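Analysis of the macromolecular model
Take a look at the letters that make up each chain.
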Amino acid sequence: MGFDTVVAAIMVSAIIITVAYTFLAGSTTIAEYSVESYKEAVQIAVKKLKSDMTILSVSYNDSTQQILAFFKNSGEEKYPDFTGFDCIVYGNSESGRRIAIYLNSTSYNIISELINPGIFDPQEVAEVRSTLTQPLENGTYVLLLCTPNAVCDSYEFTIP
């Protein structure tokens, strides 16, 4: 074996070691990202399991075109504000017209504050008010209220 053969063998060994290291480092990074993604998915699932909400009552005032609903945080999750809450009204009028309205102009207010002022804690009751741009016709409707964790509750009400 000549000197050039020894140098070539050393270079080939170095290249093989570099490729092996790159492969192992990439595999480790992929594994770390997978574990972090899994942890995040588990945390979201646990938040959903801890979240629950119950709509207690819904009323509609035809003269002011306002919907008023009371709901209770019956889960274990605390909500520092109501920015992620969604409120939707859908249903059928007596004339057969289908209606679906996403309530944009809603105001939330905590009614029975137990602890932590300004935070919607478990077992507290809040209200949601929304003024509609046009009156609801007589019929049967459903109010769908969803938390930021995509946990929803619905309540059916009738306008005579």
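In short, a report on the structure. Note that the structure is a prediction, hence the values are computed from the model and not measured. (Residues numbered from 1 in each chain as written. Predicted model: local features only at pLDDT ≥ 70, side-chain atom pairs only at ≥ 80, totals over all residues. Heavy atoms only, no water.)

Here's the deal with the side chain of D121
What counts, and what does not: Only DSSP runs of H or I with at least four residues qualify as helices, and only runs of E with at least two residues qualify as strands; both kinds are numbered from the N terminus onward. Partly exposed describes any residue whose relative accessible area lies between the buried limit of under 20% and the exposed limit of over 50%, with all areas from a 1.4 Å probe on protein chains only and scaled to the type maximum. Charge counting treats Lys and Arg as positive and Asp and Glu as negative, with His and both chain ends excluded. Salt bridge, as applied in this entry: a Lys or Arg side-chain nitrogen positioned within 4 Å of an Asp or Glu carboxyl oxygen. Whenever a nitrogen or oxygen atom comes within 3.5 Å of another N or O atom, the pair is scored as a polar contact, on the condition that within protein one atom can donate a hydrogen and the other can accept it, and that pairs from neighbouring residues in sequence are kept only if both atoms are in side chains. Contacts were defined at the residue level, with two residues in contact if any of their heavy atoms lie within 4.5 Å.
Within the secondary structure, D121 is located in the loop between strand 5 (106–112) and strand 6 (125–131). No salt bridge forms around the buried D121; measuring N to O, its nearest opposite-charge neighbour K78 is 4.1 Å away. Only 3.2 Å separates the side chain of D121 from the side chain of N116, close enough to count as a polar contact. Those residues in contact with D121, other than ones at most four positions away along the chain, are N73, K78, I115 and N116.

Examining the sheet that holds strand 6
This is how it is decided: We call two strands paired when DSSP finds no fewer than two bridges between them. Under this scheme, a helix contributes an axis fitted over its contacting stretch, all axes are lines through C-alpha atoms, and angles between N-to-C directions fall in the 0 to 180 degree range.
Strand order in the open sheet made by the four strands is 1-2-6-5, with antiparallel pairing throughout. Looking at strand neighbours, the two that pair on one side only are strand 1 (53–61) and strand 5, the edges of this open sheet. When the angles between neighbouring strand axes are averaged without regard to direction, this sheet yields 20°. As paired strands, strand 2 (residues 66–73) and strand 6 are joined by seven bridges and run antiparallel to one another. When the sheet's bridge partners are listed, F71 is paired in strand 6 with A126.

Quick notes on the state of the cysteines
Disulfide: a covalent bond connecting the sulfur atoms of a pair of cysteines. Going by this rule: Throughout, disulfides are identified as pairs of cysteine sulfur atoms within 2.5 Å of each other.
What the rule picks out here adds up to one disulfide. Each disulfide pairs two cysteine sulfurs, and for C146 the partner residue is C152, the sulfurs being separated by 2.0 Å. Around the S-S axis, the bridge from C146 to C152 shows a dihedral of about 110° and counts as right-handed. Residue C146 is classed as buried on the basis of its relative accessible area, which comes to 11%. With no disulfide of its own, C87 lies closest to C146 among cysteine sulfurs, the gap being 8.7 Å.

Notes on the pairing of strand 8 (residues 152–159)
In the sheet, strand 7 (residues 139–146) pairs with strand 8 via eight bridges, with the strands oriented antiparallel. Within strand 8, the residue paired with T140 across the bridge is T158. The hairpin turn running from strand 7 into strand 8, its antiparallel successor, is five residues long, and A150 in that turn takes a positive phi close to 65°.

Notes on the packing of aromatic side chains
Remark: the centre distance and the inter-plane angle together describe each pair of aromatic rings, the angle taken between the planes. For clarity, the cut-off: In this scheme Phe, Tyr and Trp rings, the latter by its six-membered ring, pair at centre separations within 6.5 Å, and the angle between planes marks the pair as stacked below 30 degrees, edge-to-face above 60, and tilted otherwise.
Inspection of every chain in the model, using the stated rule, returns 11 aromatic pairs. Between F71 and F120 the ring centres are 5.5 Å apart and the planes differ by 75°, which places this aromatic pair in the edge-to-face class. On the criterion of sequence distance, the pair formed by F71 in strand 2 and F120 in the loop between strand 5 and strand 6 is long-range, its members being 49 residues apart. A residue is classified by how much of its surface remains accessible, and F71, at 0% relative accessible area, is buried.

Quick look at the pairing of strand 1
With eight bridges connecting them, strand 1 and strand 2 associate as antiparallel partners. If you follow Y60 over to strand 2, its bridge partner there is I67.

Some details on the nonpolar core
Going by this rule: To qualify as a nonpolar core, a set must consist of buried Ala, Val, Leu, Ile, Met, Phe, Trp, Tyr and Cys residues joined through side-chain atoms within 4.5 Å.
Ranked by size, the top nonpolar core spans 26 residues in total, and within it F71, L136, L143 and F157 carry the most contacts. Where this core is concerned, the elements lending two or more residues are strand 1, strand 2, strand 3 (86–93), strand 5, strand 6, strand 7 and strand 8. Ranked by residues supplied to this core, first place goes to strand 1 with four residues.

So, unusual backbone geometry
The phi angle at Q123 is positive, at roughly 70°, despite the residue not being glycine. Here Q123 shows up in the loop between strand 5 and strand 6. Using a relative accessible area of 41% as the deciding quantity, one classes Q123 as partly exposed. Backbone geometry at A150 places phi at a positive 65°, although glycine is not the residue there. Its relative accessible area of 52% is what places A150 among the exposed residues.

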